Amino acid sequence: MQDKHMLMIPGPTPVPESVLLAMAKHPIGHRSGDFSQIIGEITENLKWLHQTQNDVLMLTASGTGAMEAGIINFLSAGDRVLVGNNGKFGERWGKIARAFGLEVEEITAEWGKALDPEAFKAKLEADTEKTIKAVIITHSETSTGVLNDLQTINTHVKAHGEALIMVDAVTSLGAVSVPVDEWGLDMVASGSQKGYMIPPGLGFVAVSPKAWKAYETATLPKFYLDLGTYKKATDKNSSPFTPPINLMFGLKVALEMMKAEGLEAMFTRHQRLTQATRAAARGLGLGLFAPDDAASHAVTAVMPSTVEAEAIRSTMRKQFDIALAGGQDHLKGKIFRIGHLGFVSERDVLTAIAALEATLERLGDQGAKSGAGMAAAAQVLGN
Ligand SMILES: Cc1ncc(COP(=O)(O)O)c(C=O)c1O
């Protein structure tokens, strides 16, 4: 049926109708007073979302562009960096850093497990010469549904004193608290098609005063992604290049919606969606790829027991028009991922679980007991 497609993937995420309508307009001039006002409002609200007084800059780029900007603006070739890698996106940090000639030391964990803060502590404490320039991690590892313990890792970075803490918050911002000022996060990268509830196309970078100090001596070449240019423009409620004007019409409305909901309510909603999804999976006899104490609030990775993950995704798509994400790399066919990030309500999760139950029934899953997923989810959401 037309227009019934339901996105339950960890990005792009569903877009509210009021945001879609806000974007369905002729663009206005990006040097006009009206647009300048919009940039000013958006920037204030981005700071609210990041819980910061630091600069939050907007780039016409996807999340990876924001990550790359974070590397090239504050570091130089040959710099020693510690990179956390326990999934596809941690791996990407390493790839970007190596592409720019940084000296990368990876701290790894098996996919599906959280990074061990003690491993960071050991490396940082051993670095008495203060040669580590940055610790770079993915907060919510979307490929596995693991939420890394950023807060604890960051306390070890702070004890080191010199290294910057750089964070991919692409699927944590908006789902869990990322208190940039309280924790002293130096660079936080994110992208529009996730918790922001708007389509892809914008990247965001929050920059601390300590990171700006590093910017002064960083020598990697940059032009389009030179964040100094963005800061100068943003300080004047402007943008250095032509921005995606209509996307920003949408962002303005989306941020207003988030403010109306409130940070705490937004985090609680994501927590409840996560708990309901995990309870339902357990109820259906399916495995959970991430442990309870390190579960991403954006995405739940599920391991089917007796039926194929790709068959589940295919039936969900064909029969119910619900998109689930598959496993990436070696996890392809082993897991499927249910996104519950951004504009997702309890009703959406119940719908997806009910469809999943019917799908398992149709595929003849031996382990699933009909109704058990809904019962488990109702118990979570009934409270
Ligand atoms: C944790 C994480 N980091 C980075 C990215 C990359 O973002 P993009 O595809 O917008 O470049 C994604 C996208 O799914 C992500 O989930």
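The structure under discussion appears in the preceding block.
Residues numbered from 1 in each chain as written. Predicted model: local features only at pLDDT ≥ 70, side-chain atom pairs only at ≥ 80, totals over all residues. Heavy atoms only, no water.

**Section: the layout of surface pockets**
Note the following rule: In this analysis, the protein atoms alone were mapped onto a 1 Å grid. Cavities are point sets where a 1.4 Å probe fits without being able to get out; pockets are open sets with protein on both sides within 12 Å along at least five of seven lines; lining residues have an atom within 4 Å of a point. Grid points are joined across faces, edges and corners, and a volume is the space filled by probe spheres set on the points. Note on conventions: DSSP H or I runs of at least 4 residues are helices, E runs of at least 2 residues are strands, and numbering of each starts at the N terminus. Note on residue classes: Ala, Val, Leu, Ile, Met, Phe, Trp, Tyr, Cys and Pro are nonpolar, Asp, Glu, Lys and Arg are charged, and everything else, Gly too, is polar.
The space that makes up the largest pocket amounts to roughly 590 Å³. Lining the largest pocket are 22 residues, and of these Met6, Pro14, Phe343, Arg347 and Asp348 lie nearest its centre. Those elements that provide at least two residues to the lining of the largest pocket are β1 (6–8), α1 (17–23) and α13 (346–362). Its residues assigned to classes, the lining of the largest pocket shows eleven nonpolar, five polar and six charged. In this structure, the second largest pocket encloses a volume near 280 Å³. For the lining of the second largest pocket, the secondary-structure elements that each account for two or more residues are β5 (132–138) and α8 (209–217).

**Some details on the pattern of salt bridges**
Rules: A side-chain nitrogen of Lys or Arg and a carboxyl oxygen of Asp or Glu constitute a salt bridge if their distance falls within 4 Å. Here the term buried applies to any residue with accessible area under 20% of the maximum for its type, exposed to any over 50%, and partly exposed to those in between, with areas from a 1.4 Å probe on protein chains only.
Applying the stated criterion to the full structure yields 17 salt bridges. Between glutamate 105 and lysine 123 there is a salt bridge, and its shortest N-O distance comes to 3.0 Å. Here glutamate 105, found in strand β4 (residues 103–108), pairs with lysine 123, found in helix α5 (residues 117–126); they are 18 residues apart in sequence, far enough to count as distant. Under the relative-accessibility criterion, lysine 123 is labelled partly exposed at 34%. Overlapping salt bridges, with partners in common, bring together Arg80, Glu105, Lys123 and Asp127 in one network.

**Considerations on unusual backbone geometry**
With an omega of 0°, the peptide bond between glycine 11 and proline 12 qualifies as cis. Along the chain, proline 12 turns up in the loop between β1 and α1. The phi torsion at glutamine 51 lies on the positive side, around 55°, for a residue other than glycine. Tracing the chain through its elements places glutamine 51 in the loop between α2 (33–50) and β2 (55–60). Taking the relative accessible area as the measure of exposure, glutamine 51 reaches 26% and is therefore partly exposed. One non-glycine residue with positive phi stands out, namely aspartate 329, at about 50°. Examined against the element boundaries, aspartate 329 turns out to sit in the loop between β13 (322–326) and β14 (336–339). The exposure class assigned to aspartate 329 is partly exposed, which follows from its relative accessible area of 41%.

**Details of the site of the ligand**
Condition: One heavy atom within 4 Å of a molecule or strand is enough for the residue carrying it to be called near that molecule or strand. By the criterion applied in these results, polar contacts are pairs of N or O atoms within 3.5 Å in which, for protein atoms, one can donate a hydrogen and the other can accept it, and in which residues neighboring in sequence qualify only through two side-chain atoms. Values of accessible area rely on a 1.4 Å probe in the Shrake-Rupley scheme; residue burial ignores everything except the protein chains shown.
Taken together, 14 residues are adjacent to the ligand, and Ser62, Thr64, Thr142, Asp168 and Lys194 come closest. Between threonine 64 and the ligand, the recorded distance is 2.5 Å, taken from a side-chain N or O atom to an oxygen atom. Within the side chain of threonine 142, an N or O atom sits 2.5 Å from an oxygen atom of the ligand. The protein chains hide 87% of the 390 Å² of surface that the ligand would expose on its own. Secondary-structure elements contributing two or more residues to the shell around the ligand are α3 (63–74) and α4 (88–99). Of the residues forming the shell around the ligand, the biggest block, three residues, is contributed by α3. Of the residues contributing to the shell around the ligand, the split by class is three nonpolar, eight polar and three charged.

**Some remarks on the environment of phenylalanine 35**
Stated precisely, the cut-off is as follows: Only heavy atoms matter for contacts: two residues are in contact if any of them lie within 4.5 Å across the pair.
Assignment of secondary structure puts phenylalanine 35 in helix α2. Relative accessible area serves as the criterion here: at 0%, phenylalanine 35 is assigned to the buried category. Between the C-alpha atoms of phenylalanine 35 and isoleucine 245, which are 210 residues apart in sequence, the distance is 8.3 Å. Look past the residues within four positions of phenylalanine 35 in its chain and what remains in contact with it is Ile28, Gly29, His30, Pro243, Ile245, Met248 and Phe249.

**Focus on the sheet that holds strand β10 (residues 202–207)**
Selection criterion: By definition, two strands form a pair when at least two bridges between them are found by DSSP. Axis lines are fitted through C-alpha atoms, for helices just across the contact stretch, and the angle between N-to-C directions can take any value from 0 to 180 degrees.
Taken together, seven strands build an open sheet; the order of strands is β2-β10-β9-β8-β5-β3-β4 and the sheet is mixed. At either end of the open sheet lies a strand with only one pairing partner, and these are β2 and β4. Ignoring strand direction, the axes of neighbouring strands in this sheet form an average angle of 20°. In the sheet, strand β3 (residues 80–85) pairs with β4 via six bridges, with the strands oriented parallel. Counterpart to valine 81 in the pairing with β4 is valine 104. Sheet strands touched by α4: β3, β4, β5, β8 (164–168) and β9 (187–191). Its angle to β3, the strand with the most contacts, is close to 155°.

**Notes on the sheet that holds β1**
Strand order in this open sheet of five strands is β1-β13-β14-β12-β11, and the pairing throughout is mixed. Only two strands of the sheet have a single neighbouring strand rather than two, namely β1 and β11 (287–288). Pairing geometry for β1 and β13, over three bridges, is parallel. Directly across from methionine 6, in β13, lies its bridge partner isoleucine 322. Packed onto the sheet, helix α11 (residues 263–283) meets β11, β12 (299–303) and β14 and runs at close to 5° relative to β12.

So, to be careful, I would describe these as geometric facts and stop short of saying anything about function.
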